[in-house]
Structures are given as structure tokens and as C-alpha cells.
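Observations on the three-dimensional arrangement
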Amino acid sequence: MDAEARLQQDDTRRRWALALPAVTIITLFSILPLVLVVVYSFLTPGDFGNVKWQLSFEGWFGVLFERDIFDDTVSFSDAHLTILGRSVALSLATTFITLVLGVPTAWFIATRPARQRAFWLFMITIPFWTNLLVRTIAVQEMIRSEGVFNSLFLWLRVIDAPIQMMFTNFAVLLGMAYVFLPLMVLPVYAAIEKFDFRLAEAAYDLYASRLYCARKVILPIVRPGIIAGSILVFIPSLSAYVTPRIMGGGKSMMLGNLIEMQFGQGRNWPLGAALALTLTALVLVALVWYTRLTSGKRKDV
Amino acid sequence: MLDLRNLTKRFGKGDSAFTALHEVSFSIKEGEFFTLLGPSGCGKTTLLRMIAGFEPPSGGALVLDGRDIAQMPPNRRPVNTVFQNYALFPHMTVAENVGFALSAMGRPKAEISETTVRMLDLVQLSHLAHRKSGELSGGQQQRVALARALAPKPRILLLDEPLSALDMKLRKEMQVELKRLQQETRLTFVFVTHDQEEALTMSDRIAVMNGGRIQQIATPRELYDQPANRFVAGFIGETNFLPAHCTKGLLTLPQAAASLPVSYADGPVTLMVRPEHILLGETQASALTLTARVERLVYFGTDTHVHLQAEGELTLIARVQNGMRSGAPYREGETVTISLPSEALRLLPQEVA
Ligand SMILES: Nc1ncnc2c1ncn2[C@@H]1O[C@H](COP(=O)(O)OP(=O)(O)O)[C@@H](O)[C@H]1O
Ligand SMILES: [Mg+2]
């Protein structure tokens, strides 16, 4: 081997050595758990939880079908599908609500004088530093049967009996929209704050109406911020656990709760693992769609 | 065509109020290349923004073709702006930028594309029509901004220091190009600059501004030859100022033996003379003649600046054209006779400098 080749080999070795910590961490905390989940999804449930090391497709089978305990007849299980559908629908609705509330809020903050912006951003992020459980219970306190709203409306005689708001889709939606709102406001704010308002002035000078300027100049330029906010809200909504657990109870369950159940009372770890992988796949689809949207922007228009 | 009548602009309220423009009045004629010239902070941009409609006037009227447009929003005024930073839409192509105004007005597709092609041709950018505006050089962006503002055929084109971001060579080219465009389109241009040379070479008329006030409005030649006050004289070109005195129709300069008959009010005056009008080593019948010492010679290629020192701390700069003979015409330390011909002298009211 000549000197140059040896040098090159040394170089390669050094590069590997440098990459080792990162590779170790990724393997240990990301790839290994995922492999574990995949393996578990193909095993047989143990009698008291855990798994037996026996290959089985029952876990994946159980995502969509049910086997009768007595006669082994197979039937389509719409219970899981309902929960899956609800998860996607509630997450989309959460994204939509945070968009409707978050974009004007971000606009408001970004158009304040520079000194005031820090204050408004602080107000938006305070709840973020508070424990998620505490925040969710605060929302519960507002809408439960003896809560703030019902008491107020009863006292005002707007209603005769308390309205059942807890343990409904509405409750879950309200909780999630409240909890995830800052995740929408912050990236949208960052995009609007960077926007050069002289461009809006130029559009206005060139006979654009306010609406035309918003549609053709402001929106296309702040769009990456809006998409980032939507993704930041949609993905944690899809896998939300605490909020649907408290606000929805057993009635308005989401995917996160269903998965937890399989590892708890359900004692069906393979099914839980298969459901968790289904959720991961959904998240991946959302992410792929996101990268398409943001990179496609540069090609078309 | 456009009349500004006592236009005033105040920013802020109460004690912190600041008057950026004081009762500005003038008229711009159809097809004119009109320049607002003044040092930075004198209110040029503010005045331009008022004409465009971005700043409501605090007082006065703005009349375009007989109609007061002071309250009309920018998107209804037949006036377009070439912004100082160009303000091109970064997410659009060059062609989309140029067609923006017509699209916003809802004109038919065919008309938009036809106008866009014509405008890009006018600024010689047809080959870049499909580039994103961020991928262009400064000079190209400048042309796109120009084409974009010209496309909707405005009554007046406003240009806010459009050339200040360009390097010297490109700047000279664009000066010629802009003038050509203005003459070709016969459009009224209101051009803002702080560069007196740029103003002199391009404009039909120039309004010199300082501290939110118009100092003088005149053609470039008039401004140079007959400045209305010391500020204009000092801002446009190079000038010597000499304190002098008028008594009973006679102008006396302490350093000069003879005096000159003038028709000017009695009292102290400021005498103004351009460096190129000072005669060295010559005497003339109707002139103020004095002796001075050559302090320093500065060679400029086409001419030499001669720094002179006369009695009473009076310093003067004369400009002598360099002939075909090589070698300096004077030596430093030499004493020379200089004359200030009467036709080169301007009398200005004495101001506290
Ligand atoms: N929006 C504003 N608020 C307060 N003062 C302003 C504002 N715009 C301009 N000014 C002041 O008005 C004066 C003129 O500014 P400007 O018109 O930009 O000058 P120029 O364009 O001649 O450099 C400056 O002193 C500037 O600080
Ligand atoms: Mg300016």
C-alpha cells in the first residue's frame, strides 16, 4: 500500500471515530426502540402482558379485525377505525382552529412596534412553560358540569341544566387547540416578522387592493411559516395522549389512548406495537406531504 | 400638471412633533424630468411618499390634472414608484413582476403579456423574463423595477434615489439609460437624489431642498450660475465665498485695492465666485484684483486646483486648466496676482454660516 492510500484510510478512520457518538446515540435512542416495536408487533401476547417469543401476525390482524373468543369468527372491527378516523379528524380540526386563531394573532404581534413584540410573545409562551397536565385540567375546570361556564350560564339563567361538555369531541378539540396554539403562533410570527412590508407598499402602489396584496404577495411569502405551524400542530395532535385522556375520557378516545390501553388493561402488547407503527406511518405521510409542499413551492408559481 | 400647494408634513404629536416639510409649493410640467436634490434627511423621500400617497399631508393641497388627490389612496393614484431598494416581489419571475400592476387591475391576459414583453424589451431584459427576481444583479433588478413601474402607464413616475446602490460605472450607464427612457416615453419623472452631479446631468429642472424647505427651483444651468442663496451655491459645484461690503453702489473687498460699481443694497454681502472663473496672473478692466500666495497645488488631470491665501485669512481655490505643455504653471509659495472678473461675481445676502 502506498503512502497516499494509507493517509486516505487514516482519514476515513478518523471520520468514523468522529461520527461515533452521534451514530451511537441515534442507534440507541431511535433505531433500537423502533426495531423493538417492529419485533414486538410480530409476537404473541403474554398472559399477563409482555410477549411470548412466538411469531404471530395477530397483532397486525387486530388493527382492523376482531376474532370472536368463542367461535373464532373473524369480523371487521370498526372500533379501531373509528378511533383512527377521530384522531385524524380532531387533529385536522385542531390545526384548522389554531390556524384561524393563530395567524391573526401572529399578524397582530408582528405588526406591533418592536418593543411591544417581546411582551406579546411572552404572553403567548407563558402557558407553554406550564405543565401540560395543569393546563389541560384548567380547561376542564372551565367546561365541566360544575365548572366556570356552566355555573355562569346557570346563574345568568341562559340554561336550566348544565350542558354536558366534558368527555365529548368538543372537549378534546378545545383542549388541544388551547394547548397547541403557541406552536402555530410562533412559526407564523417568525415568517410575518421577516416579511418586508415595503413589498406590500409596492403592491399597493401598483394598484393592488388590500385583498389582492394579501393573496398574491403576503400569503405566498409567509406560506412556509404557515405550513410549518400546521405541521407542528398536526403531528403532536395526532399522537396526543394527556389531553384526550382528560378531556375525552373513555368516550372520545384517540390513537394515543388506544395504544396505551393495549399495554395496560388490554394486555395485548403486539397489537399496541402494531397500532403505534400505524401512527408512525401516518406521521410520516404528513411529513412527506409537508416536504413536498415546501420544496414544490420553489418549482411552480 | 402636478401642483403642490403649501404641502406640510409633521411627524409625531405635541412636544415631540417634527416638521419634515414646511409649506412646499411648486408645479411640475407634463413630460418634465424634475429632480428633488438635497442632503440626506432633508425630506426628499417624505415628499415623494406624499405624492405617491403613502404619507397623508398634514396641510396643503396636492393637485393632479386639476383634481386634489391628497386623500386618494396609492392604489388609485395614476402615479408609480421605483423604490430605493427596488422592492421586487421575490417569489415572482421578472415577467410576473412587470405584469403585476396590470394583473391587479384585472386586465385581460393578452394585454398583460403583450405589455410585459414590450416593457422588458424597453429595458433590454427580455432574455431574463423567466428568472426569479432574486437571481438578478443590482443593475438588472433596477431595470425590472423600472419596467414594473412603467407597465401601467402612470401619469408620473417617481424615483427615489434609484441609482444610489449601484457602483460608479453602472450608475453612469443607468443615468444615460434613464434619460433615454424618459425621452422615449415622454413621461413625467420626479427623480430624487442627493448627488448634485447626477441632478445636473439628467434634469430639466431641479428643486434644491434643505431642512424640509425648498431653497430654489431652476434649470441646472441657472442653479449653477445664479444660485439663490449660500446653501444652493455651496451644494451645487465648488465655490469660493468672500465677505465683502456694499456702500452707495460700490462693492469693496478688503483685500482688493479698487472697488466695483454694483446695484445692490448697502451693507455686508457674501461674494461668490466659482474656482474656474478666477484668473491667475492676469488683470482685467472690470475686476477685483488682489495678490495671494500659492499654498498648494492639487493635480486633477484635466485641471489643477490652486489653493490660494490672501490677506486677512482669506483662502480661495482657483481651477486652472492643464494645457498641452507639461509642468506646473505655478510653484507653491509663489505670490501671484489674481482677478475676479465682475461678470463671474455673484452677490448673496450675508448669512450666518
Ligand atoms: N415616519 C417617520 N416618523 C418620524 N420622522 C420621520 C419619518 N419619516 C421621516 N422622518 C424624518 O423626516 C426627515 C426627512 O426624512 P426623509 O424624507 O427620509 O429624508 P431624505 O429622503 O431627504 O433623506 C428626517 O429627519 C427623518 O428622520
Ligand atoms: Mg430618502
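Residues numbered from 1 in each chain as written. Chains lettered and ligands numbered in written order. Predicted model: local features only at pLDDT ≥ 70, side-chain atom pairs only at ≥ 80, totals over all residues. Heavy atoms only, no water.

What follows covers the overall build of chain A. Across its full length, chain A carries twelve helices and four strands. Over its C-alpha trace chain A gives a radius of gyration of 25 Å, far above what one expects of a compact globule, namely 19 Å for 301 residues. The principal-axis extents of the C-alpha atoms in chain A amount to approximately 90 × 70 × 35 Å. Evaluated residue by residue, chain A yields a buried proportion of 38% over its 301 residues. Counted over contacts in chain A with a minimum sequence separation of 6, partners at least 24 positions apart contribute 64%. Approximately 17,900 Å² of chain A is accessible, and the part contributed by carbon and sulfur atoms is 68%. Of the charged side chains in chain A, 26 are positive and 20 negative; the average position of the first set lies 10 Å away from that of the second. (Helix = DSSP H or I, 4+ residues; strand = E, 2+ residues; numbered from the N terminus. Rg over C-alpha atoms; globule rule 2.2 N^0.38 Å. Buried < 20%, exposed > 50% of the residue type's maximum accessible area, 1.4 Å probe, protein only. Contact = heavy atoms within 4.5 Å. Areas by Shrake-Rupley, 256 points an atom, 1.4 Å probe, with all protein chains shown as cover. Lys, Arg positive; Asp, Glu negative; His and termini not counted. Charge placed at Lys NZ, Arg CZ, Asp CG, Glu CD.)

Moving on: the pairing of strand S7 (residues 156-160) of chain B. All names here are of chain B. Most of S7 is tucked away, with five of its five residues classed as buried. Side-chain alternation along S7 places Ile 156, Leu 158 and Asp 160 on one buried face and Leu 157 and Leu 159 on a second face that is also buried. As paired strands, strand S6 (residues 79-82) and S7 are joined by four bridges and run parallel to one another. Paired with Asn 80 across the two strands is Leu 157, which belongs to S7. (Pairing = 2+ DSSP bridges.)

With that settled, consider the interface of chain B and chain A. Across the contact, 30 residues belong to chain B and 20 residues belong to chain A. Interface area, chain B with chain A, both sides summed: about 2,000 Å², of which 62% is carbon and sulfur. Inspection of the region where chain B meets chain A yields one salt bridge. Ionic pairing is found between Arg49(B) and Glu201(A), a salt bridge with its closest N-O pair at 2.9 Å. Secondary structure elements with two or more residues in the side of chain B that touches chain A: helix H1 (44-52), S6, helix H2 (94-104) and helix H4 (138-150) of chain B. (Buried area = accessible area lost by both parts, 1.4 Å probe. Salt bridge = Lys/Arg side-chain N within 4 Å of Asp/Glu carboxyl O.)

A separate point is the sheet that holds strand S16 (residues 287-299) of chain B. All names here are of chain B. Ordered in space as S15-S19-S16-S17-S18, the five strands form an open sheet in which the pairing is antiparallel. Because the sheet does not close on itself, it has two edges, and the strands there are strand S15 (279-280) and strand S18 (314-321). For S16 and strand S19 (residues 335-341), the ladder comprises seven bridges, and the chain directions are antiparallel. For Ala 292, the partnering residue across the bridge sits in S19 and is Val 336.

The next point concerns the packing of aromatic side chains. The description of an aromatic ring pair rests on the distance of the ring centres and on the angle between the ring planes. Using the criterion set out here, one finds 20 aromatic pairs over all chains in the structure. Considering the side-chain rings of Phe65(A) and Phe76(A), the 5.8 Å spacing of their centres and the 75° angle between planes classify their relative orientation as edge-to-face. Of the two residues, Phe65(A) is situated in strand S3 (residues 65-67) and Phe76(A) in strand S4 (residues 74-76); the sequence distance between them amounts to eleven residues. With a centroid separation of 4.9 Å and 20° between ring planes, the pair formed by Phe26(B) and Phe34(B) is classed as stacked. This pair shows no difference in class: Phe26(B) is buried, exactly as Phe34(B) is. One aromatic cluster is present, formed by Tyr40(A), Trp53(A), Phe263(A) and Trp269(A) through successive ring pairs. One residue, Arg112(A), lies across the ring of Phe108(A), its end atom 4.1 Å from the ring centre. The ring centre of Phe89(B) lies 4.7 Å from the NZ or CZ of Arg148(B), which sits over that ring. (Phe/Tyr/Trp six-rings, centres within 6.5 Å; stacked < 30°, edge-to-face > 60°. Lys NZ or Arg CZ within 6 Å of the ring centre and 35° of its normal.)

Residues and elements named next belong to chain A. Splitting chain A by domain gives domain 1 (1-40) and domain 2 (81-300). Using only C-alpha atoms to locate each centre, domain 1 and domain 2 end up separated by 38 Å. Contacts between the two partners involve four residues from domain 1 and, on the opposite side, four residues from domain 2. Summed over both partners, the interface of domain 1 with domain 2 comes to about 380 Å²; 86% of that surface belongs to carbon and sulfur atoms. Across the domain 1-domain 2 interface, the total number found is zero residue pairs in polar contact (both at pLDDT 80 or more). Considered class by class, the residues forming the side of domain 1 that touches domain 2 number four nonpolar, no polar and no charged. (Domains from an automatic or database assignment. Polar contact = N/O pair within 3.5 Å; in protein donor to acceptor, adjacent residues only side chain to side chain. Nonpolar A, V, L, I, M, F, W, Y, C, P; charged D, E, K, R; others polar.)

With that settled, the discussion passes to the site of ligand 1. Residues and elements named next belong to chain B. Phe 11, Phe 18, Ala 20, Pro 39, Ser 40, Gly 41, Cys 42, Gly 43, Lys 44, Thr 45 and Thr 46 make up every residue found near ligand 1. Between ligand 1 and the protein, one listed contact pairs an oxygen atom with a backbone N or O atom of Gly 41 at 2.6 Å. Contact between ligand 1 and Cys 42: an oxygen atom at 3.2 Å from a main-chain N or O atom of the residue. Against a free-state accessible area of 560 Å², the protein chains account for coverage of 60% of ligand 1. When contributions to the shell around ligand 1 are tallied by element, the ones reaching two or more residues are strand S2 (18-28) and H1. Considering each element in turn, the shell around ligand 1 owes the most residues, three residues, to H1. (Near = heavy atom within 4 Å.)

On to the pattern of salt bridges, then. A side chain of one charge can pair with a side chain of the opposite charge if their charged atoms are brought near each other. Across all of its chains, the model carries 29 salt bridges over all chains by this definition. Note that Arg5(B) and Asp3(B) form a salt bridge whose closest N and O atoms lie 3.6 Å from each other. Arg5(B) sits in the partly exposed class, given a relative accessible area of 43%. We note a salt bridge from Glu30(B) to Arg155(B), for which the minimum N-O separation is 2.9 Å. One end of the pair, Glu30(B), is in the loop between S2 and strand S3 (33-37); the other, Arg155(B), is in the loop between H4 and S7, with 125 residues separating them in the sequence. Salt bridges linked by common partners bring Glu201(A), Lys9(B), Arg49(B) and Glu55(B) together as one network.

All names here are of chain B. The strand order across the open sheet formed by six strands is S6-S7-S8-S3-S9-S10, and the pairing between neighbours is mixed. The outermost strands of the open sheet, each flanked by one partner alone, are S6 and strand S10 (213-218). Each strand axis lies, on average, 20° off the axis of its neighbour in the sheet, ignoring direction. Where S3 meets strand S9 (residues 205-210), four bridges bridge the pair, whose relative direction is parallel. In the sheet register, Leu 36 faces S9, and the bridge partner there is Ala 207. Its contacts with the sheet place helix H5 (residues 168-185) against S3, S7 and strand S8 (188-193), and it is angled at close to 160° to S8. (Axes fitted to C-alpha atoms, helices over the stretch in contact; angles between N-to-C directions.)

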